[in-house]
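Here's the letter readout for the chains.
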Amino acid sequence: MKKNSDTSKLEREIELNQSIPKIQVGSFSHLFKPSNMGVLVLFCLLLYVLFLPPVIGMGDDRSSAGTISGSNLYQLGEFTPKESMAYFEKNWGIREYYNDSYNAQITAQTPFLNAAKRLDQAYTWDWLFDMRFYGAVILVFYLIGMYFLFETVTYGKRSKWAYVSVGLGVIIFGDTAYTAWINSFYTQALSFFLVIILGTSLILMGQEKLNDDLLIGCFFLSSLLLCLLNQQYALLGLFLGILGINLKYVNGRKSYRRICVGCGALLMLCSLVAFFIMPNGLTNLSAYHSMTRGVLMTADNPEQALKEFSINPQYAVLTGTSYYQAISPETMDGQVMKTEFFNKVNPTGVAIYYLANPGQLYEMLNRSVNSSFNIRPGWLGNYEITQGYPPGAQTSFFTSWSYLKANYLPGNFGFIIIWMGLLIGVYVRFFRKGIIEKNGRNTLRFVGLMTWLFIGLWELYVAIITSGDTDTLGHLFIFSLTFDLISFVVLGKFIHWIEKQLRKVDWEARKQAFFNRDKDQNKDQGGYRL
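Given the structure is predicted, the values throughout are model-derived calculations rather than measurements. (Residues numbered from 1 in each chain as written. Predicted model: local features only at pLDDT ≥ 70, side-chain atom pairs only at ≥ 80, totals over all residues. Heavy atoms only, no water.)

Chemist: Could you give me a rundown of the overall build of the chain, with the residues and numbers involved?
Modeler: The secondary structure content of the chain amounts to 24 helices and 3 strands. A burial count over the chain gives 48% of its 530 residues as buried. Considering only contacts within the chain whose residues lie at least 6 apart along the sequence, 77% involve residues at least 24 apart. Total accessible area on the chain stands at roughly 26600 Å², and carbon and sulfur atoms take up 61% of it. (Helix = DSSP H or I, 4+ residues; strand = E, 2+ residues; numbered from the N terminus. Buried < 20%, exposed > 50% of the residue type's maximum accessible area, 1.4 Å probe, protein only. Contact = heavy atoms within 4.5 Å. Areas by Shrake-Rupley, 256 points an atom, 1.4 Å probe, with all protein chains shown as cover.)

Given below as structure tokens:
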């Protein structure tokens, strides 16, 4: 009887000792997974940079005034346009009554801004909006995107080399030149994580790492939000919708196929509606620069270039000038300038002109690539005016990657062509193999990278035809981001290849051979002396 009691007591102790450590070890093991560790490091880094004094953000150039007004927010201080760009504004006013301003715009940013505004009001109960609440909302989705990105390069491994890949990602995408945009009203705050989720969802689907329904939902939702940011992103929905419909071949389930076809068609429809309904954001300033700082500046004969637009050749005297330095404001806003110049300039005409003159297009691509490697424009400051920094001051904290990129990478389109050739050469065999084997998943790594490449090149081209070599901030940001995303995934694959090669090496045998070699040398030397 006593023996049975002791046995049952011992069994209960064994069960207790086995169950508790299993729970703890399992939870800690999951926490220290490379992807989770990378996200945790990024969270701590951004918590320090974006939310603790001195708070880092981006100055406001008034380009987001419509979106700000559409969310019932307004600027508190009496800042001049130059001061608004030179200093980051953390606090904004909330209108007590509905704002029916003529320039109010509802875009994909509006739900995020409204969510941040409700969080702010629930926490502070005042009529001031702290930008950090908006940054916190964006940060959640940014960390989800970065988790997806880290998963694509770690291949589910927990080796030392997987941590190296994740560390490289933290350096690149945790760079303050990127993350400072999170504390701003610019579209870059959303496009930053939307572009990441859009491409990684395709790659992860090919790797079969996460649920297909979750990933296809992430793909379509991020694509839709990206297209609804502004009109110049809208046409991307046509490409992404067609791509989404073709994803039906990845999974044989009927429900999955219906999701792909239905959501793809809806995305294309929303894209077309957004293109015709949303304001295009193009002004006389952008039209002027698309000609004087683009077409005319790169033309061998500016007079002849103007004739192709049915513009008086005398306007060639404006070649290379900016909107603010060429003619008096009265003349620039006059009826003559409108009739003879601005009414004859449009993005479609400029796009056709560049396609007919590839030499000029290549020169503009060179200029744009060089500008894009400066992730953070020099005229936008990062600090609040109350923090005592000089106008336009920018932080140098955790900016190693952006510094190297701006100062040491070849800033020309020839380098991009070589880079694209290497990319396609490395990944096209996976696409070819998937086509031959009729396995849609094997094509998705290549498709994901090509989607990023297409989006980046599209925005690069749109920047040229709408603004010349000036004011290309939003479009060049996306090109720079897609360049870094593709480069990071390729480097992650290279690191994974190095890891596999090192595993094949029998290090113990090599170690023994090295020591035996020393002994053999000593024997030979000793024998020679005898």
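Chemist: So, the sheet that holds strand β1 (residues 73-74): which residues are in play, and what are the values?
Modeler: Backbone hydrogen bonds are what pair the strands of a sheet, in a parallel or an antiparallel way. A sheet is described by the order of its strands in space; here 3 strands give the open sequence β1-β2-β3, paired in antiparallel fashion. Edge positions in the open sheet fall to β1 and β3 (128-130), since each of these has one partner strand only. Inspection of the sheet shows β1 paired to strand β2 (residues 91-94) by 2 bridges, in the antiparallel sense. Across the sheet, Tyr74 pairs through a bridge with Gly93, a residue of β2. Lying on the sheet, helix α5 (residues 109-124) is in contact with β1, β2 and β3; it crosses β3 at an angle near 115°. Across the face of the sheet, helix α6 (residues 131-154) comes into contact with β2 and β3 while running at roughly 40° to β3. (Pairing = 2+ DSSP bridges. Axes fitted to C-alpha atoms, helices over the stretch in contact; angles between N-to-C directions.)

Chemist: Can you tell me about the pattern of salt bridges, naming the residues and giving the values?
Modeler: According to the stated counting rule, one finds 8 salt bridges in the structure shown. Note that Arg132 and Asp130 form a salt bridge whose closest N and O atoms lie 2.8 Å from each other. A relative accessible area of 23% places Arg132 in the partly exposed class. Between Glu151 and Lys209 there is a salt bridge whose closest N-O contact spans 3.9 Å. Within this pair, whereas Glu151 is found in helix α6, its partner Lys209 is found in the loop between α9 (188-207) and α10 (212-227), the two being separated by 58 residues in sequence. Glu151 gets classed as buried once you look at its relative accessible area, which sits at 5%. Shared partners join several salt bridges into a network, and the residues in it are Lys33, Glu151 and Lys209. (Salt bridge = Lys/Arg side-chain N within 4 Å of Asp/Glu carboxyl O.)

Chemist: Go over the packing of α5 against α6, please, and point to the residues and values.
Modeler: Where α5 contacts α6, the axes come no closer than 8 Å and their chain directions differ by 125°. Classified by the angle their axes make, α5 and α6 are oblique. When you trace α5 past α6, the crossing you get is right-handed. Counting all contacts with α5, which are made through Gln109, Phe112, Leu113, Ala116, Leu119, Asp120 and Tyr123, the residues of α6 involved are Phe133, Tyr134, Val137, Ile138 and Phe141. (Parallel < 35°, antiparallel > 145°, perpendicular 65-115°, else oblique. Left-handed = near helix turned anticlockwise from the far one by under 90°.)

Chemist: I'd like a description of the nonpolar core, backed by residues and values.
Modeler: Among the nonpolar cores identified, the biggest contains 138 residues, and Tyr134, Tyr142 and Tyr354 are the most heavily contacted of them. Non-local contacts of Tyr134, meaning those with residues more than four positions away in its chain, are made with Gln109, Phe112, Leu113, Ala116, Phe129, Ile182, Ser184, Ala189 and Leu190. (Core = buried A, V, L, I, M, F, W, Y, C linked by side-chain atoms within 4.5 Å.)

Chemist: Now, about α9: what can you tell me, with residues and values included?
Modeler: Taking 1.5 Å per residue as the helical rise, α9 with its 20 residues ought to reach 28 Å, and the 28 Å between its terminal C-alpha atoms agrees with that figure. In terms of residue burial, α9 counts as a mostly covered element, since 19 of its 20 residues are buried. In the segment just after α9, Glu208 is the residue with positive phi, at about 55°. (Expected span 1.5 Å × (residues − 1).)

Chemist: Requested: an account of the pairing of β2, with residues and values cited.
Modeler: Here 3 bridges tie β2 to β3, and the two strands are oriented antiparallel to one another. In the strand pairing of β3, Gly93 is matched with Leu128.

Chemist: I'd like to hear about the layout of surface pockets, residue by residue, with values.
Modeler: Of the volumes computed, that of the second largest pocket is approximately 340 Å³. Lining the second largest pocket are 15 residues, with Leu235, Phe275, Pro347, Val462 and Ile465 sitting closest to its centre. Going through the elements one at a time, α11 (231-234), α18 (347-356) and α22 (444-467) are the ones with two or more residues in the lining of the second largest pocket. Counting residues per element, the lining of the second largest pocket draws most heavily on α22, which supplies 5 residues. Tallied by class, the residues present in the lining of the second largest pocket amount to 10 nonpolar, 5 polar and no charged. (1 Å grid on protein atoms, 1.4 Å probe; cavity = no way out; pocket = protein on both sides within 12 Å on 5 of 7 lines; lining within 4 Å. Points joined across faces, edges and corners; volume = space filled by probe spheres on them. Nonpolar A, V, L, I, M, F, W, Y, C, P; charged D, E, K, R; others polar.)

Chemist: Before we move on, could you go through the packing of helix α19 (residues 358-372) against helix α21 (residues 413-437) and cite the residues and values that matter?
Modeler: Where α19 meets α21, the closest approach of the two axes is 8 Å, and the angle between their N-to-C directions is 85°. Between α19 and α21, the interaxial angle falls into the category roughly perpendicular. Along the contact surface, α19 presents Tyr362, Leu365, Asn366 and Val369, while α21 presents Phe413, Gly414, Ile416 and Ile417. Along the lines of polarity and charge, the residues of the contact of α19 with α21 split into 6 nonpolar, 2 polar and no charged.

Chemist: With reference to specific residues and values, describe unusual backbone geometry.
Modeler: Cis geometry marks the peptide bond from Pro53 to Pro54; its omega dihedral reads -5°. Inspection of the secondary structure assignment puts Pro54 in the loop between α2 (34-51) and α3 (65-70). With a phi close to 65°, Asn72 is a non-glycine residue in the positive phi region. Checked against the element boundaries, Asn72 lands in the loop between α3 and β1. Positive phi, normally seen in glycine, also occurs at Trp125, with a value near 55°.

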